[in-house]
Amino acid sequence: MQITEHIASLSEEGRLLAAAAEQAGPGASVPTCPGWQIRHLLRHTGMVHRWAAAFITEGHTAYHPDGGEPDLDGAELLAWFREGHRHLVRSLEEAPADLECWTFLPAPSPLAFWSRRQLHETTVHRVDAESALGGPLTPVSADRAVDGIDELLTGFHARPKSRVRSDKPRTLRVRTVDTTATWTVRISEDPPQTVRTAGEGNAEEVDCELSGTAEGLHLVLWNRLPLTAVTLRGDRAVARLWTDNSAVTW
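Predicted, not measured: the structure shown is a model, and the values here were computed from it. (Residues numbered from 1 in each chain as written. Predicted model: local features only at pLDDT ≥ 70, side-chain atom pairs only at ≥ 80, totals over all residues. Heavy atoms only, no water.)

### Here's the deal with the overall build of the chain
What the chain contains, in helices and strands, is 7 helices and 5 strands. Taken from the N to the C terminus, the helices and strands of the chain come in the order α-α-α-α-α-β-β-β-β-α-β-α. A compact globule built from 250 residues should have a C-alpha radius of gyration of about 18 Å, and the chain, at 18 Å, falls within 12% of that. Once the C-alpha set of the chain is aligned to its principal axes, its extents read approximately 55 × 40 × 30 Å. Across the 250 residues that make up the chain, the buried fraction comes to 52%. Summarising the internal contacts of the chain: among those between residues at least 6 apart in sequence, 66% fall at separations of at least 24. (Helix = DSSP H or I, 4+ residues; strand = E, 2+ residues; numbered from the N terminus. Rg over C-alpha atoms; globule rule 2.2 N^0.38 Å. Buried < 20%, exposed > 50% of the residue type's maximum accessible area, 1.4 Å probe, protein only. Contact = heavy atoms within 4.5 Å.)

Printed below as a string of structure tokens:
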């Protein structure tokens, strides 16, 4: 996906998140984030949006702490979230192509990094907001879902902070049935190593395979849907190793 597509999708995802949050109400429970209510989701995501926008607009070239979550609620909190989301989108739209600022995952450029990261951040939390309504989720296109899986597997969980570890080496394959994308994740005492391939070219035996639509796999790997939402073959313990330890931390 191109930067402009990421930004346009980020704009839409933020609007959908706010709309679902408004409909659910600030005290509604968020099933995909146990212990959270909509107010917690808005405070967290709004804080992240402002934190990201500060790197883009202020040009911080080293880590800069966030401004914390506000003591707001109800309509005031929702308006605060919407204003911060609009500010982030505008900041990305107006940023120069040669933007220089801090990032924390490999990317072609800081602008490419932040537009992609904030799109996937907001998409996952939009799913959280919609889960509070108990109805169907807004679909995620296959190409966006593949990009989100790729960021998660080859970006976040390639970092030393990943807790997906195993004393005994294990392999997990993630295979989309609606695209050509397949990933093989090698789990050991070190951070997972992931290789992406296309189609059926990888015939290597693995301990466990998860297969399904790109959207379904994206949400399962982010622990927003249960493992039963996709097809599991092989050792279920390997899949549980992922679901029990893959929560992303800074």
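### Some points on the side chain of D147
The residue D147 is located in helix 5 (residues 142–155) in this model. Of the residues examined, D147 reaches a relative accessible area of 14% and is grouped as buried. Here H120 takes part through its side chain, which lies 2.8 Å from a polar atom of the side chain of D147. Discounting residues that sit within four places of it in the chain, D147 has contacts with H6, R116 and H120. (Polar contact = N/O pair within 3.5 Å; in protein donor to acceptor, adjacent residues only side chain to side chain.)

### Things to note about the pairing of strand 1 (residues 170–176)
Across the 7 residues of strand 1, 7 count as buried, placing the element largely inside the fold. Residue alternation in strand 1 divides its side chains into two sets, R170, L172, V174 and T176 and T171, R173 and R175, and both sets are buried. Alignment of strand 1 against strand 2 (residues 181–187), held across 6 bridges, turns out to be antiparallel. Bridging from a neighbouring strand, R170 pairs with I187 of strand 2. The turn joining strand 1 and strand 2, which pair antiparallel and follow one another in sequence, is formed by 4 residues. With 5 bridges joining them, strand 1 and strand 4 (residues 208–212) adopt parallel strand pairing. Within strand 4, the position partnered with R175 by the bridge is S211. (Pairing = 2+ DSSP bridges.)

### Quick notes on the environment of L172
Mapping L172 onto the fold places it in strand 1. Measuring from C-alpha to C-alpha, the distance between L172 and C208 comes to 5.0 Å, with 36 residues separating the pair along the chain. Not counting chain neighbours up to four residues away, the residues in contact with L172 comprise W183, T184, V185, I187, C208, L210, V238 and W242.

### Some thoughts on unusual backbone geometry
Of note in the backbone geometry, N223 takes a positive phi value of approximately 60° without being a glycine. Within the element layout of this structure, N223 appears in the loop between helix 6 (214–221) and strand 5 (231–234). Judged by its relative accessible area of 30%, N223 falls in the partly exposed class.

### Notes on the packing of helix 2 (residues 38–58) against helix 3 (residues 74–94)
It is at 9 Å that the axes of helix 2 and helix 3 come closest, and there the two elements cross at 30°. The angle between helix 2 and helix 3 places the two elements in the roughly parallel class. Considering how the two elements wind past one another, helix 2 and helix 3 form a crossing that is left-handed. Mapping the contact onto sequence places R39, L42, R43, T45, G46, M47, H49, R50, A52, A53, I56 and T57 in helix 2 and L77, L78, W80, F81, E83, G84, H85, H87, L88, S91 and L92 in helix 3. (Axes fitted to C-alpha atoms, helices over the stretch in contact; angles between N-to-C directions. Parallel < 35°, antiparallel > 145°, perpendicular 65-115°, else oblique. Left-handed = near helix turned anticlockwise from the far one by under 90°.)

### A few points about the sheet that holds strand 3 (residues 193–198)
Strand order in the open sheet formed by 5 strands is 3-2-1-4-5, and the pairing between neighbours is mixed. Each edge of the open sheet is held by one strand with a lone partner, namely strand 3 and strand 5. For this sheet, the mean angle separating the axes of adjacent strands, direction not counted, is 15°. Note: strand 2 against strand 3, 6 bridges, orientation antiparallel. By the bridge assignment, T184 is partnered in strand 3 with V195.

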